[in-house]
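Summary of structural features
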Amino acid sequence: MKKKIGCLHAHYTNIEYIETAFSKFDIEWLHFVDPGLMQRVSTDENFNYSVAQKKVKQQVEWIAECKVDAILITCTNYIALLNEEQLSLPMPIIKIDEPYFEQICQLQQPHMILFTNPATVEGTVKRLTAHAEKYGTVDFEVIIIDGAFEFIMQGLGERYNQEIMNCLSQFKNENRRLSVAQLSMVEAARRYELQTGQTVLNPLHALVDSMIHQLELSSLSGV
């Protein structure tokens, strides 16, 4: 049975990542893109946290009114701002990074987690640390690729990917597992893997497996 899934993104480039990753499944996508909230949170010192939370709540409720079977949130800052206790919705809200957190925790190996957007680090690390409590502790180091995020915001995707690949190449002899924390970094991570054979974990791979199971997604091929 076809599933109707609403997606909340902070940048339009995430749409292609999601649709490509799930292209083999019978899904109708409704994409909602709002870069404005993250722009305010990142640059406006006077922007109130409670106002940001209210905005995210309104966005999620608006998507729910479109009669979707599930809501997927791809922006880690939106996820950090979401207060599910204030919501009463009949459909599941899927957070892109939770299957990724689970994968990191289950591996029980030291990790280097790369970010390009400094504004997403605090919320992501806080949620990863909370998720890891049932496993004891998780050994990880955060690496921020300075200046890279501006390229994606300016529409310079190739330059953005190259900056990420350049950073990854600095750790080619690293014994710790490498991973990228943001959906916008997935393409660069994949290219790096093809070039070097070195595995780089990313949130999208774990998400697909999780959603197939959670939503009982049907394959377009019938298999």
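Refer to the structure presented above.
Residue positions are given per chain, counting from 1 as you read along its sequence in written order. For this predicted model, a pLDDT threshold of at least 70 governs which residues receive local features, and a threshold of 80 or more governs which side-chain atom pairs are given and counted, while totals over whole chains, interfaces and linings are taken from all residues. With hydrogens and water stripped out, all remaining heavy atoms of the structure feed into the side-chain values.

Our next topic: the nonpolar core. Put simply, a nonpolar core is a bunch of buried Ala, Val, Leu, Ile, Met, Phe, Trp, Tyr and Cys residues held in one set by side-chain atoms that sit within 4.5 Å of each other. Burial classes: relative accessible area under 20% of the type maximum marks a residue as buried, over 50% as exposed, and values in between as partly exposed (1.4 Å probe, protein chains only). Core analysis: the largest hydrophobic core is formed by 41 residues, its most contacted members being Ile18, Phe22, Val60, Leu72, Tyr78, Leu207 and Met211. Contacts of valine 60, omitting those with residues within four sequence positions, involve Leu8, Ile71, Ile73, Leu82, Leu87, Leu89 and Ile93. In terms of nonpolar packing, the next biggest core, distinct from the first, is built from 21 residues, Met112, Ala148, Ile152 and Phe171 among them. Note on contacts: a residue pair qualifies if any of its non-hydrogen atoms lie within 4.5 Å across the two residues.

The phi dihedral of lysine 67 falls on the positive side, at around 60°, and the residue is not glycine. A positive phi angle, close to 50°, is found at glutamine 108, a residue other than glycine. Secondary structure is summarised from DSSP: a helix means a run of H or I of at least four residues, a strand means a run of E of at least two, and numbering begins at the N terminus for each. Its location among the elements puts glutamine 108 in the loop between helix H5 (98–107) and strand E5 (111–115).

Bringing the packing of helix H8 (residues 157–169) against helix H9 (residues 186–196) into the picture now. Think of each axis as a best-fit line through the C-alpha atoms, taken over the contacting stretch in the case of a helix, with angles from 0 to 180 degrees between the N-to-C directions. Orientation of H8 relative to H9, taken along the N-to-C sense of each, is 50°, at an axis distance of 9 Å. Compared by their axis directions, H8 and H9 come out oblique. The handedness of the crossing between H8 and H9 comes out as right-handed. Contacts from Glu158, Asn161, Ile164, Met165, Leu168 and Ser169 in H8 reach Glu187, Ala188, Ala189, Arg191, Tyr192 and Gln195 in H9. In these notes the angle categories are as follows: under 35 degrees is roughly parallel, over 145 is roughly antiparallel, 65 to 115 is roughly perpendicular, and the rest is oblique. Two helices that cross are described as forming a left-handed crossing if the nearer one is turned anticlockwise from the farther one by less than a right angle, and a right-handed crossing if clockwise.

Between Lys or Arg on one side and Asp or Glu on the other, a salt bridge is scored when a side-chain nitrogen of the former is within 4 Å of a carboxyl oxygen of the latter. Considering all chains together, one arrives at 10 salt bridges under this definition. For aspartate 26, the salt bridge identified is with lysine 2, shortest N-O distance 3.9 Å. You can see aspartate 26 sitting in the loop between helix H1 (14–21) and strand E2 (27–33) and its partner lysine 2 sitting in the segment before strand E1 (3–9), a full 24 residues away along the chain. For arginine 127, the salt bridge is made with glutamate 98, and the minimal N-O distance between the two is 3.4 Å. Within this pair, whereas arginine 127 is found in helix H6 (residues 121–131), its partner glutamate 98 is found in helix H5, the two being separated by 29 residues in sequence. What makes glutamate 98 partly exposed here is its relative accessible area of 34%. When salt bridges with common partners are traced through the structure, they connect Asp97, Glu98 and Arg127 into a single cluster.

Another aspect to go through is the sheet that holds strand E4 (residues 93–95). When DSSP finds two or more bridges between a pair of strands, those strands are recorded as paired. A sheet is described by the order of its strands in space; here 4 strands give the open sequence E2-E1-E3-E4, paired in parallel fashion. Each edge of the open sheet carries a strand with a single partner, namely E2 and E4. The mean angle between the axes of side-by-side strands here comes to 25°, regardless of whether they run parallel or antiparallel. Examined bridge by bridge, E1 and E2 share 7 bridges and lie parallel to one another.

What follows concerns H5. Within H5, the full set of buried residues consists of Pro99, Tyr100, Phe101, Glu102, Ile104 and Cys105. Against E4, E5, H6, strand E7 (177–180), strand E8 (200–201) and helix H10 (203–215) lie the buried residues of H5. Following H5 by one or two positions, glutamine 108 has its phi on the positive side, about 50°.

Take the residue count of a helix, subtract one, and multiply by 1.5 Å to get its expected span. Over its 13 residues, H10 runs 18 Å from end to end, which matches the ideal 18 Å to within 8%, given 1.5 Å per residue. Looking only at H10, the buried set comprises Pro203, Leu204, Ala206, Leu207, Val208, Met211 and Leu215. The residue sitting at the N-terminus of H10 and contributing the capping side-chain oxygen is asparagine 202; that oxygen lies 2.9 Å from the backbone nitrogen of leucine 204. With its phi angle positive at about 50°, glutamate 216 sits one or two positions after the end of H10. For this analysis, a polar contact is any N or O atom pair within 3.5 Å, provided that within protein one partner can donate a hydrogen and the other can accept it, and provided that sequence-adjacent residues contribute only side-chain to side-chain pairs.

For this analysis, a ring pair means two rings from Phe, Tyr or Trp (six-membered ring only for Trp) whose centres lie within 6.5 Å, classed as stacked if their planes differ by under 30 degrees, edge-to-face if by over 60, and tilted for the remaining angles. This model, assessed by the stated rule, comprises 2 aromatic pairs. Ring centres of tyrosine 100 and phenylalanine 101 lie 6.1 Å apart, and the angle between their planes is 35°; this geometry places the pair in the tilted category. Neither tyrosine 100 nor phenylalanine 101 differs from the other in exposure class; each is buried.

The description of two packed helices rests on the angle between their axes and on the distance between the axes. The interhelical angle for the contact between H5 and H10, taken along N-to-C directions, is 105°, at an axis separation of 7 Å. The orientation of H5 relative to H10 falls into the category roughly perpendicular. Residues Pro99, Tyr100 and Gln103 of H5 pack against Pro203, His205, Ala206, Leu207 and Ser210 of H10.

This part covers the pairing of E5. In terms of residue burial, E5 counts as a mostly covered element, since 5 of its 5 residues are buried. The two faces of E5 match: His111, Ile113 and Phe115 on one face and Met112 and Leu114 on the other face are all buried. Relative to strand E6 (residues 140–144), E5 runs parallel, the two sharing 5 bridges. Note that in E6 the partner of leucine 114 across the bridge is isoleucine 143. Throughout, right-handed denotes a crossover for which the path from the first strand over the helix to the second runs clockwise when the strands point away from the viewer. With H6 bridging E5 and its parallel neighbour E6, the resulting β-α-β unit is right-handed. With 4 bridges connecting them, E5 and E7 associate as parallel partners. When the bridges of E7 are listed, leucine 114 appears paired with valine 180.

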